[in-house]
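# Residue-level structural notes
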Amino acid sequence: MPLSPLEHDRRYGELDQVIRAYAGQSADDTPDKASDALIAYLRHTWHSRPWALAVAERQLREYADNPPGRLRLRLGEFYAIPDVGLPESDLQQWLYCLADHIKHSIEEGEVPPPATPATHWEWHARFPELGQFLGGWFSQDMPDEFDDHDAAIDDYRASTDPQLVARLTGELHELLALDIDESDYALAVAELGMEIDPPAPYSPSGWLALVTDRLSA
């Protein structure tokens, strides 16, 4: 029978987070160099859930030690690794390589310094409520659902728990504190799910600042 959510998380929950970090990224890790995706995972996890790194190292190694057979995969009793662009014959060594990099990072205390998110996964891991807000209220369907951007903001505030609104406000302050180029702010809102342009005459960062003020009022 398929794995229950509880059993899945116990056995593969953090392994799944590591693999998700490779969405849209190359699995080009080598024993001497971690990929951009793994560095992004290490950076965010060190600064948010450092205890999870040891769990990830153990789950990666256990999965590589006992890869699932076809029958168990078909029955849904095992976590099926999504396609990361590697031949199936290379997956086991790749998982060991990831586990070794994570182990080295823990044992040597090598923590990637804070930086602007570098991957799609890292943007959403660092700014989860902002991803919900932009992806849910500012998709390409927004002009059909709301009169304008302000109406969408007001709908979010009216329909969302105040604690989540406060969390979004904090994430907006954090994003604006990155002080990145305007083109990078445009990339950020796109990565986080915004599919329409900010209202004229605002730039992406200018509009984010406006949203922050409106939600804080």
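Provided above is the structure to which this section pertains.
What you see is a predicted model, and the numbers here were worked out from it, not measured in a lab.

Now for the overall build of the protein. Helix and strand counts for the protein stand at 12 helices and zero strands. Starting at the N terminus, the α and β elements of the protein follow one another as α-α-α-α-α-α-α-α-α-α-α-α. In terms of overall dimensions, the protein has C-alpha extents of about 55 × 40 × 30 Å along its principal axes. With 217 residues in all, the protein has 41% of them scored as buried. Taking the contacts inside the protein whose residues are at least 6 apart along the sequence as the reference set, 71% of them involve residues at least 24 apart. Charged side chains of the protein number 16 positive and 40 negative; the gap between the two group centres comes to 10 Å.

The subject of this paragraph is helix α3 (residues 52-65). Under the 1.5 Å per step criterion, the end-to-end length of α3 is 20 Å for 14 residues, consistent within 8% with the ideal 20 Å. Restricting attention to buried positions, one finds in α3 the residues Ala52, Leu53, Ala56, Glu57, Gln59, Leu60, Tyr63 and Ala64. In this fold, the buried residues of α3 make contact with α1 (5-20), α2 (36-48) and α5 (91-108).

Evaluation of the coordinates by the stated rule reveals 11 salt bridges. In this structure, Arg11 and Glu7 form a salt bridge, with 3.6 Å as the shortest nitrogen-oxygen distance. Linking Arg11 with Glu7, this pair stays in helix α1, spanning four residues, or about one helical turn. Residue classification places Glu7 among the partly exposed positions, given a relative accessible area of 27%.

Once that is clear, we can look at the environment of Glu191. Tracing the chain through its elements places Glu191 in helix α11 (residues 182-191). Taking the C-alpha atoms as reference, Glu191 lies 8.3 Å from Gly131; in sequence the two are 60 residues apart. Once you skip the residues sitting within four places of it in the chain, Glu191 turns out to touch His120, Trp123 and His124.

Here is a general trend for soluble globular proteins: nonpolar side chains tend to be buried in one another's company. If you look at the biggest cluster of nonpolar residues, it comprises 29 residues, and the most contacted ones within it are Tyr22, Leu38, Tyr41 and Trp94. The element contributing the most residues to this core is α5, with seven residues. Discounting residues that sit within four places of it in the chain, Tyr41 has contacts with Glu14, Gln17, Val18, Ala21, Ala52, Leu53, Ala56, Ile102 and Trp121. In this structure, Leu130, Ala152, Leu172 and Met194 belong to the second largest nonpolar core, which totals 28 residues.

Moving on to the side chain of Glu122. On the secondary structure map, Glu122 appears in helix α6 (residues 120-126). Here Glu122 falls in the buried class, since its relative accessible area comes to 2%. Looking at Glu122, its side chain comes within polar contact range of the side chain of Arg43, at 2.7 Å. Dropping the residues within four chain positions of it, Glu122 is found in contact with Ala40, Arg43, His44 and Pro117.

Given 3.6 residues per helical turn, the α-helix brings residues three or four places apart onto the same face. Of the residues making up helix α9 (residues 149-159), those classed as buried are His149, Ala152, Ile153 and Tyr156. One side of α9 holds all its buried residues, which, seen down the axis, span an arc of 100°. Turned more than 90 degrees away from the buried face of α9, the exposed residues are Ala158 and Ser159. Packing partners of the buried residues in α9 comprise α7 (128-137), α8 (142-145), α10 (162-177) and α12 (204-216). With a side-chain oxygen lying 3.2 Å from the backbone nitrogen of Asp150, the N-terminal cap of α9 falls on Asp148.

Reading the values: the criteria
- Residues numbered from 1 in each chain as written.
- Predicted model: local features only at pLDDT ≥ 70, side-chain atom pairs only at ≥ 80, totals over all residues.
- Heavy atoms only, no water.
- Helix = DSSP H or I, 4+ residues; strand = E, 2+ residues; numbered from the N terminus.
- Buried < 20%, exposed > 50% of the residue type's maximum accessible area, 1.4 Å probe, protein only.
- Contact = heavy atoms within 4.5 Å.
- Lys, Arg positive; Asp, Glu negative; His and termini not counted.
- Charge placed at Lys NZ, Arg CZ, Asp CG, Glu CD.
- Expected span 1.5 Å × (residues − 1).
- Salt bridge = Lys/Arg side-chain N within 4 Å of Asp/Glu carboxyl O.
- Core = buried A, V, L, I, M, F, W, Y, C linked by side-chain atoms within 4.5 Å.
- Polar contact = N/O pair within 3.5 Å; in protein donor to acceptor, adjacent residues only side chain to side chain.
- Arc of directions from axis to C-beta.

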